[in-house]
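Residues per chain, in single letters:
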Amino acid sequence: MSNGQSNGQSGGQPNGQWYPPEWPDRIRALAAGELVAAAPRRAATVLLLKDGADGARVHMLRRRASMAFAGGAYAYPGGGVDPRDEQPVRWAGPSREQWADRLGLTDPAQAQAVVCAAVRETYEEAGVLLAGPTADTVVGDTTGDDWEKDRQALVARDLSFADFLDRRGLVLRSDLLGAWARWITPEFEPRRYDTWFFVAALPAGQRTRNASTEADRTVWIRPVDAAAGYDRGELTMMPPTISTLRVLERYGTAAEALAAAPAQDMTPVLARARLDGDQVVLSWPGHDEFTKHVPADAPPRAAASPDAPGTTEDGGAA
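Our subject in this report is the structure included herewith. Here the structure is a predicted model, which is why all the values come from computation and not from measurement.

### Focus on the packing of helix α6 (residues 223-231) against helix α7 (residues 239-248)
- Remark: α6 packs on α7, axes separated minimally by 8 Å, with the N-to-C direction vectors making an angle of 135°. Viewed along their axes, α6 and α7 adopt a mutual orientation that is oblique. As for how α6 packs across α7, the hand of that crossing is left-handed. Residues P223, A226, A227, Y230 and D231 of α6 lie in contact with α7, whose contacting residues are I242, L245, R246 and L248.

Dropping the structure here:
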């Protein structure tokens with residue numbers, strides 16, 4: 001895509017790229033040495049997939065407009081690593097050492113924590129649990145008052161994920177995840193995350209639900225439809241979200257996407273910002289689509305966040 005189309009536009013029309021109005025000032029402050037970059041916190045997010053008659057669909061949630069970070073934007077279930085995610089845990093699938101190599105980490109314990117965070121956050125925010133009684137089984141129905149009590153305890157951090165698995169006699173199925181991408185929040189953002197993106201298929205017998213207090217809507221949607229909504233400026237997304245969606249478009253089924261995961265590039269993507277005269281130029285290496293040239297006097301554009309086309313959690317047409 002040419003620079004003329006990558007300034008927050010697609011085909012001459014504004015797209016749905018999330019871009020806070022305070023970023024240019026923060027970029028200038030960082031360039032002037034007036035802003036100290038915060039250390040990024042480790043995080044994980046999961047592109048949960050299921051097959052439909054017209055191709056694979058991905059589970060997305062819309063962040064509440066009141067959220068300080070990316071309010072109104074569509075994203076995937078995920079969140080920060082809990083320090084207790086490094087606790088010894090019932091484990092199945094590739095070893096922690098193998099995961100460390102795949103995730104670009106030197107410490108197997110940190111790799112375990114990232115994988116645990118991916119599984120835990122998917123359960124906390126979508127009610128889907130990638131774990132089973134044995135190394136080759138997965139739990140079925142995860143609804144009911146007893147499951148909900150444990151889920152809320154995890155959200156409140158009153159219960160560690162390791163203790164949750166132990167009390168239920170479950171094994172974490174790391175083999176059900178495929179590492180997909182890694183993005184790091186720009187240095188000028190006050191809340192920064194080093195986030196690993198994973199793909200996983202919805203286990204048989206389970207269904208998603210909006211269990212997140214940070215989301216006002218969830219939807220199952222074909223990646224091509226979500227990307228088209230972004231291109232039209234109808235759906236707001238952050239660059240990592242739309243980037244991973246565009247890659248998912250290549251695969252017709254959840255199994256195809258999972259099989260393709262080992263070949264995905266896990267090189268961390270970190271935005272670069274520079275001043276060019278009175279303009280701020282923001283770019284993500286390897287992703288020219290997201291390059292933005294923002295004049296000093298450019299007015300902020302309101303984020304669009306209407307309903308996405310797809311299937312809502314109650315099965316109705318969105």
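### Details of helix α5 (residues 161-168)
- Regarding α5, the residues found buried are F161, A162, F164 and L165. Looking down the long axis of α5, one finds its buried residues gathered within 160° of arc, a one-sided arrangement.
- Looking at the packing, one finds that the buried side of α5 touches α3 (108-126), β8 (131-132), α4 (145-155) and β9 (171-173).
- Phi turns positive one or two residues past the end of α5, at G169, with a value near 65°.

### Concerning the sheet that holds β8
- Taken together, the three strands give an open sheet; going across it, the order is β7-β9-β8, and neighbouring strands pair in mixed fashion. Of all the strands in the sheet, the pair left with one neighbour each is β7 (91-92) and β8.
- Relative to β9, β8 runs antiparallel, the two sharing two bridges. Each residue of the ladder has a partner; that of A131, found in β9, is L172.

### Topic: the pattern of salt bridges
- Taken as a whole, this structure holds 22 salt bridges when the rule is applied.
- A salt bridge links R28 to D25; the shortest N-O distance between them is 3.8 Å. Taken together, the residues span about one helical turn, with R28 and D25 both in helix α1 (residues 23-31) at a distance of three residues.
- What makes D25 exposed here is its relative accessible area of 54%.
- For the salt bridge of R173 with D175, the shortest nitrogen-to-oxygen distance reads 2.8 Å.
- Here the salt bridges share partners, and the residues they tie into one network are D82, R84, D85, R120, E121, E124 and R157.

### A closer look at the packing of aromatic side chains
- Counting across every chain of the model gives nine aromatic pairs.
- A ring pair is formed by Y123 and F164, whose centres lie 5.4 Å apart and whose planes are at 25°; its orientation type is stacked. On the criterion of sequence distance, the pair formed by Y123 in helix α3 and F164 in helix α5 is long-range, its members being 41 residues apart. Assigned by exposure class, Y123 and F164 land together as buried.
- Members of the aromatic cluster, each reached through a chain of ring pairs, are Y123, W147, F161 and F164.

### Notes on the nonpolar core
- Judged by nonpolar contacts, the single largest core of 42 residues is most densely connected at W99, L103, L129, F161, F164, L177 and F198.
- Those elements that place two or more of their residues in this core are β3 (41-52), α2 (96-103), α3, α4, α5 and β11 (193-201).
- The biggest single contributor to this core is α3, with ten residues.
- The contacts of F161, once residues within four sequence positions are left out, are D85, C116, V119, R120, L129, L154 and L172.
- By size, the runner-up hydrophobic cluster in this structure holds 39 residues, among which are I221, A227, V247 and A257.

So, how was this worked out
Residues numbered from 1 in each chain as written. Predicted model: local features only at pLDDT ≥ 70, side-chain atom pairs only at ≥ 80, totals over all residues. Heavy atoms only, no water. Axes fitted to C-alpha atoms, helices over the stretch in contact; angles between N-to-C directions. Helix = DSSP H or I, 4+ residues; strand = E, 2+ residues; numbered from the N terminus. Parallel < 35°, antiparallel > 145°, perpendicular 65-115°, else oblique. Left-handed = near helix turned anticlockwise from the far one by under 90°. Contact = heavy atoms within 4.5 Å. Buried < 20%, exposed > 50% of the residue type's maximum accessible area, 1.4 Å probe, protein only. Arc of directions from axis to C-beta. Pairing = 2+ DSSP bridges. Salt bridge = Lys/Arg side-chain N within 4 Å of Asp/Glu carboxyl O. Phe/Tyr/Trp six-rings, centres within 6.5 Å; stacked < 30°, edge-to-face > 60°. Core = buried A, V, L, I, M, F, W, Y, C linked by side-chain atoms within 4.5 Å.

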